[in-house]
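Observations on chain architecture
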Amino acid sequence: YTKRTDIPYKAKYLFEDATEAFTEDTYTGTFADTVTLSPKSALEGYVTPKDQTLLITADEASNVSTFIYTPRTDLTYTIKCVDSANTPLEFVYEGAPSENGTVTVEGATFKESYTVTAPSIDGYTPDEATKTIQITSAASNVLVFTYTSDTPATTSYTITCTDTDGSPLAFE
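Basis of the calculations
- Residues numbered from 1 in each chain as written.
- Predicted model: local features only at pLDDT ≥ 70, side-chain atom pairs only at ≥ 80, totals over all residues.
- Heavy atoms only, no water.
- Core = buried A, V, L, I, M, F, W, Y, C linked by side-chain atoms within 4.5 Å.
- Buried < 20%, exposed > 50% of the residue type's maximum accessible area, 1.4 Å probe, protein only.
- Helix = DSSP H or I, 4+ residues; strand = E, 2+ residues; numbered from the N terminus.
- Contact = heavy atoms within 4.5 Å.
- Salt bridge = Lys/Arg side-chain N within 4 Å of Asp/Glu carboxyl O.

**Comments concerning the nonpolar core**
In terms of nonpolar packing, the biggest core is built from 33 residues, with Tyr69, Tyr77, Ile79, Tyr93 and Phe145 touching the most fellow members. Those elements giving two or more residues to this core turn out to be strand E1 (7–15), strand E2 (20–29), strand E3 (34–37), strand E6 (64–71), strand E7 (75–83), strand E10 (102–108) and strand E14 (142–149). Considering every element that reaches this core, the biggest residue donor is E1, with five residues. With residues near it in sequence (within four places) discarded, Phe145 still touches Ile79, Lys80, Cys81, Val82, Val116, Thr117, Ala118, Pro119, Asp127, Glu128, Thr130 and Lys131.

**Regarding the environment of Ala21**
Structurally, the position occupied by Ala21 is in strand E2. It is 8.5 Å that separates the C-alpha atoms of Ala21 and Ile68, two residues lying 47 residues apart in sequence. If sequence neighbours within four positions are ignored, Ala21 has contacts with Tyr13, Leu14, Phe15, Leu43 and Tyr69.

**Digging into the pattern of salt bridges**
Pairs may arise between side chains of opposite charge once their charged atoms sit close together. One pass over the structure, following the stated rule, counts six salt bridges. A salt bridge links Arg4 to Asp6; the nearest nitrogen and oxygen atoms lie 3.0 Å apart. Exposure remark for Arg4: the relative accessible area of 39% places this residue in the partly exposed category. Overall, Asp6 belongs to the partly exposed group, its relative accessible area being 46%. The salt bridge involving Lys10 is made with Glu24; its shortest N-O contact spans 3.3 Å. Highlighted residues: Lys10 in strand E1 and Glu24 in strand E2, separated in sequence by 14 residues. Judged by relative accessible area, which is 32%, Lys10 ranks as partly exposed. Residues joined in a network through salt bridges with shared partners are Arg4, Asp6 and Glu60.

Here is the structure:
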């Protein structure tokens, strides 16, 4: 007897919900050989699975290696607070003081949404009480709150005293 060399085996590439991340690949191999399969290219926002080994058996249905692409959970988003002139405002968010008007929140998950309550800043009112951000990339996830000052605009007056003829009076 000689080993069969035409036994099919597959590599499947799926997301956690079992939807296809990439089209599956079909190969042929030799009975009882062990092959190493690698995942396809990286997908932004997902953890790339590790290489897998597969022992090729006579049972073609079991000759499948499945790579699961899971969302990254090590991403960040930035909360930024500015006034109407786009000047950074300092604030504290969940105990962390801002730096140049921003706080970075760690541990965000790709494609997840996060609702943020506007930080309280004395003397200012935010444009919205809450905002929601969906993590869409590994690079640029910024949520901006724009604040208006609660302090009324400074008004200056010039008072001129006049006599009954309308001539200005001088004060000493």
